[in-house]
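Results of the structural survey
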Amino acid sequence: MLELRHVEKTVGRDTHVHATSLALERGSLNVLLGPTLSGKTSLMRLMAGLDTPTAGSVWFDGKDVTGVRVQDRGVAMVYQQFINYPALTVYENIASPMRIKGADKATVDREVRKAAELLKLTPYLDRTPLNLSGGQQQRTALARAIVKNASLVLLDEPLANLDYKLREELRLELPKIFAASGAIFVYATTEPSEALLLGGNTATLSEGRITQFGRTIDVYRRPNDLLTARTFADPPLNTMQVTKKAGQFEVGGKPVLPVPAHLSALPDGPCTIAFHPHHLSLTSQAPGSAPLQARTAISEIAGSESFVHIEFEGSRWVMLSPGIHDIEPEALITVHVDTRHLMAFGMDGRALGAPVAMAA
């Protein structure tokens, strides 16, 4: 188990990581999700031993490893900006961790070729990194991490530079690869969709703080606060300031949405309601669908999906709808909110109610 016990990291007057406690089990997949500069890389560097915390301690399997050098820990780390040895072939780059450990020639050859086949590098084993594409160089760095057989594997946005097809394939394969080794697998990303595809556990980060940690699907469906809900939303979360009054949510004294059953126990008064863009549609989603009259701002067609930006009672929302919808600006349209997925937050941002358990 890897434990962070009240670790902090400050540089001068800047706090990169606020007091953080976290426990990660062996064989687990853990995603660090947050925007750029939210503290993901700083946290991973503390886990790896590349940085020493200003306060607190790092423990591994019951031992305090806070002052232990990174080279003396069983750690493998892969960055978005891949790092390879330019003078070595792909084969020797992948083999290097095992050669340092003194593995025999047969073991080195077997593991290198196994990792190369998995990452589609077999035709390039005799090339040097400078004769590879960026994606092939990143796959070489990933393969080197695989054969290292580390106890802690840290991947800092490792797929960002790969083409779409390979990225999707590796998202499915990577958890299987590292889970089988019993390693602790930590994966940093800015993309909520990537966290959902990877599964496992997710810690959401904002400005150097972990706002929530738990099973990925639970954090997504039941965020503890509005900040976490916004972090775990792409396209951006749709929100509206409302007042609950009996069985209705009102804006300026005007009823706009019915209060769904899972939020019926909320006390009357002001709150923020929120929902994801794919819970807003052009067609009814009975039985929890509520129709609204809204005005379009702009439509964006992205392949087989459309992002329709709409305005409703002073709020700007995004609707993510399957298919191609070329709707004119300023058009008055009927949209449907699936109220079964409504979330509610108090004026302090804390969650007041969670959607019922169902598909995301």
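For the protein chain, an unreviewed UniProt entry supplies the name ABC transporter ATP-binding protein and the organism Shinella sumterensis. Turning to the protein chain, the UniProt record has this under Subcellular location (unreviewed entry): "Cell inner membrane". In its Sequence similarities (unreviewed entry) section, the UniProt record describing the protein chain reads: "Belongs to the ABC transporter superfamily."

Comments concerning the layout of surface pockets
Think of a ball as big as a water molecule: rolled over the atoms, this probe shows where empty space is left. One number sums up the size of the largest pocket: a volume of about 710 Å³. Contributing to the lining of the largest pocket are 27 residues, with Val75, Ala76, Met77, Arg144 and Lys148 lying nearest its centre. Contributing elements (two or more residues each) for the lining of the largest pocket: strand E6 (75-79), helix H2 (90-101) and helix H4 (134-147). For the lining of the largest pocket, the element with the highest residue contribution is E6, accounting for 5 residues. Partitioned by chemical class, the residues of the lining of the largest pocket number 16 nonpolar, 7 polar and 4 charged.

Thoughts on the side chain of threonine 296
Secondary-structure assignment places threonine 296 in strand E16 (residues 289-302). By relative accessible area, threonine 296 is classed as buried at 1%. Within the structure, threonine 296 has its side chain in polar contact with the backbone oxygen of glutamate 328 (distance 2.6 Å). Apart from residues lying up to four places away in sequence, threonine 296 is in contact with Val308, His309, Ile310, Ile327, Glu328, Pro329, Glu330, Ala331 and Ile333.

Calculation rules
- Residues numbered from 1 in each chain as written.
- Predicted model: local features only at pLDDT ≥ 70, side-chain atom pairs only at ≥ 80, totals over all residues.
- Heavy atoms only, no water.
- UniProt positions renumbered as here; feature names shortened; annotations may be inferred.
- 1 Å grid on protein atoms, 1.4 Å probe; cavity = no way out; pocket = protein on both sides within 12 Å on 5 of 7 lines; lining within 4 Å.
- Points joined across faces, edges and corners; volume = space filled by probe spheres on them.
- Helix = DSSP H or I, 4+ residues; strand = E, 2+ residues; numbered from the N terminus.
- Nonpolar A, V, L, I, M, F, W, Y, C, P; charged D, E, K, R; others polar.
- Buried < 20%, exposed > 50% of the residue type's maximum accessible area, 1.4 Å probe, protein only.
- Polar contact = N/O pair within 3.5 Å; in protein donor to acceptor, adjacent residues only side chain to side chain.
- Contact = heavy atoms within 4.5 Å.

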